[in-house]
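In case you want the letters, here they are:
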Amino acid sequence: MQQPNLTPTANLMLRETASQTAGPYVHIGLALAVAGLPERDEEIWNELAKDNAEGERIEVAGRVIDGNGDLVRDALLEAWQADANGDYQTAFDLKAPFNSFGRTATTAEGNSEWRFVTVKPGAIARPDGRTMAPHINLTIFARGVNLHLQTRLYFDDEQKANAGCPVLGAIESPARRQTLIARREEGGEGGLPRYRLDIVLQGEGETVFFDF
Amino acid sequence: MSLNRNLNRRFVERDRQWHPAAYTPGYKTSVPRSPSQALVSLQTPSVSELTGPEFRRLRMGPHDNDLLLNFRDADSPGLPVGERVIMFGRVVDQFGKPVPQTLVEMWQANAGGRYRHKKDSYLAPLDPNFGGVGRCLTDDDGWYHFRTIKPGPYPWPNGINTWRPAHIHVSVMGPAISTRLITQMYFEGDPLIPICPIVQTLKDEEAVGTMIGRLDMARSRPMDALAYRFDLVVRGELQTYFENQ
């Protein structure tokens, strides 16, 4: 007996496996230390850039907030971003100074902030001649989220690039574009400049989420 | 600033009627966590969505895919309690093309339905020889294998008497962040499946069927372990042969 999605449909295409929530214990699988499990030799975590990575080393951090204004304390986030030159490093390698991919989580205790240490990504030219402003692609998984949410983090000190970015421009409401712009502040961990962005799942100030 | 690469690639559009909706009030936690605004569709996919990490250089431990052996009581090491099972399958895309060398991760409760997580306080005890996490890369033909025990069902606060069917959480990356997917594998024939509010977030019975691991006697090991086959289908990859003008 086969799963039904292995039967070709009329248009000769299989159906995608359906999504289910990552649940409250996602950390066991994807963030072992947060669950209280011993870590394996190599884990995927939140330091995308070591101190010898090329570019401006920064911290990005924020909270995840639900429709009641409460902190979402069991979210897992994934980052995917270009390096300082605007190139994606697809070969994940913990020995490399920079990786384009990382994971972080909000936590049950304290102020429940997620956090990445990375470098500010470069701008990216599209073949149509338009340029995407520096950004970090973020994916959000959590209990109560049936299919992961996809968004982008932009930087408030890139006003000119942001104004010309075709993806920000695709958001019809100018006010809603602001939900993707992280604010720079001084005094991150280890003296790194910190960009802060809260992700609001629902209601006032709801973050823009993308379909792609 | 660099020029875009990989742009002759695109993916079949994700069918959001097939997947569960964000707002599914039968699963109560989704109520305050579901966006109320429409998603913004990116009409022109860029390198940001069309690429993703590959993990050939992620160093795996020898037992990362063997949950019978990868967590052992330091004082009196032994095997975990529960039904021994082999969970295996193939990662393919919607056109049936295998997805080689992609990262598959899984996590689960123990045989009593208890997770080794500091936030789980269910009555059932922890198993000193069971952690509940596995990972591996698919081989060149897209196959993956785990050895584990069958997790137990457990109660959770949603309705007054709501139970999760036995399930294993499964995470797959696929060729790009566009194909990223997290799901759960259920066990064929479990009577808790049709009454689970999380399963019921799906409207289509056929979609539920994509999440059912099937008993495979041929690949079961006599006097050792039953096998359950769970194939994962990620979005189909297409090449774009013509310029968009």
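A. Examining the overall build of chain B more closely. A tally of regular secondary structure across chain B gives 3 helices and 15 strands. A compact globule built from 245 residues would reach a C-alpha radius of gyration of about 18 Å, and chain B, at 20 Å, matches this within 12%. Seen through its C-alpha atoms, chain B measures out along the principal axes to roughly 65 × 40 × 40 Å. Evaluated residue by residue, chain B yields a buried proportion of 56% over its 245 residues. Restricting the contact set of chain B to residue pairs at least 6 apart, pairs at least 24 apart contribute 71%. Element-wise, carbon and sulfur atoms account for 53% of the exposed surface of chain B, whose accessible area totals about 11100 Å². Each charge class in chain B can be summarised by its mean position, and for the 29 positive and 26 negative side chains these summaries are 5 Å apart.

B. Focus on the sheet that holds strand S4 (residues 101-105) of chain A. All names here are of chain A. The strand order across the open sheet built from 8 strands is S4-S3-S8-S9-S10-S11-S1-S5, with neighbouring strands paired in mixed fashion. Every interior strand has two partners, whereas the edge strands, S4 and strand S5 (114-119), have only one. Pairs of neighbouring strands in the sheet enclose a mean axial angle of 30°, with direction left out of account. Of the strand pairs in this sheet, strand S8 (residues 135-141) and strand S9 (residues 149-155) are connected by 6 bridges, and their pairing is antiparallel. Bridge pairing in S9 links Leu-138 to Thr-151.

C. Spatial organisation of the layout of surface pockets. Of the volumes computed, that of the largest pocket is approximately 630 Å³. Around the largest pocket sit 32 residues that line it, and A:Pro24, A:Tyr25, A:Asp74, A:Arg143 and B:Lys119 are the ones nearest its centre. Among the elements of the structure, strand S8 (154-156) and strand S10 (167-172) of chain B are those that each provide at least two residues to the lining of the largest pocket. Here the lining of the largest pocket takes 3 residues from S8(B), the largest share from any one element. For the lining of the largest pocket, the per-class residue count stands at 12 nonpolar, 12 polar and 8 charged.

D. Seen up close, the pattern of salt bridges. Taken as a whole and judged by the stated rule, the model has 36 salt bridges over all chains. Here B:Arg180 makes a salt bridge to A:Glu78, at a shortest N to O gap of 2.7 Å. Here B:Arg180, found in the loop between S10 and strand S11 (181-187), pairs with A:Glu78, found in strand S3 (residues 76-81), and the two come from separate chains. Two residues, B:Asp224 and B:Arg221, come together in a salt bridge whose shortest N-O distance is 3.1 Å. Taking relative accessible area as the criterion, B:Arg221 reaches 49% and is therefore assigned partly exposed. When salt bridges with common partners are traced through the structure, they connect A:Glu56, A:Lys120, A:Asp157, A:Glu158, A:Arg184 and A:Glu186 into a single cluster.

E. Region of interest: the interface of chain A and chain B. Tallying the contact residues gives 87 residues for chain A and 96 residues for chain B. Between chain A and chain B, a total of about 8300 Å² is buried, with carbon and sulfur atoms accounting for 56% of that surface. Of all residues in chain A, the largest losses of buried area upon contact with chain B belong to A:Glu16, A:Gln20 and A:Phe212, amounting jointly to 11% of the total for that side. At the junction of chain A and chain B, the tally comes to 10 salt bridges. For the interface between chain A and chain B, the tally reads 46 residue pairs in polar contact (both at pLDDT 80 or more). For the side of chain A that touches chain B, the element with the highest residue contribution is helix H1 (residues 26-30) of chain A, accounting for 5 residues. Tallied by class, residues from the side of chain A that touches chain B come to 44 nonpolar, 23 polar and 20 charged. Pairing between strand S13 (residues 210-211) of chain A and strand S3 (residues 40-41) of chain B: 2 bridges, direction parallel. Counterpart to A:Asp211 in the pairing with S3(B) is B:Ser41.

Rules used throughout
Residues numbered from 1 in each chain as written. Chains lettered and ligands numbered in written order. Predicted model: local features only at pLDDT ≥ 70, side-chain atom pairs only at ≥ 80, totals over all residues. Heavy atoms only, no water. Helix = DSSP H or I, 4+ residues; strand = E, 2+ residues; numbered from the N terminus. Rg over C-alpha atoms; globule rule 2.2 N^0.38 Å. Buried < 20%, exposed > 50% of the residue type's maximum accessible area, 1.4 Å probe, protein only. Contact = heavy atoms within 4.5 Å. Areas by Shrake-Rupley, 256 points an atom, 1.4 Å probe, with all protein chains shown as cover. Lys, Arg positive; Asp, Glu negative; His and termini not counted. Charge placed at Lys NZ, Arg CZ, Asp CG, Glu CD. Pairing = 2+ DSSP bridges. Axes fitted to C-alpha atoms, helices over the stretch in contact; angles between N-to-C directions. 1 Å grid on protein atoms, 1.4 Å probe; cavity = no way out; pocket = protein on both sides within 12 Å on 5 of 7 lines; lining within 4 Å. Points joined across faces, edges and corners; volume = space filled by probe spheres on them. Nonpolar A, V, L, I, M, F, W, Y, C, P; charged D, E, K, R; others polar. Salt bridge = Lys/Arg side-chain N within 4 Å of Asp/Glu carboxyl O. Buried area = accessible area lost by both parts, 1.4 Å probe. Polar contact = N/O pair within 3.5 Å; in protein donor to acceptor, adjacent residues only side chain to side chain.

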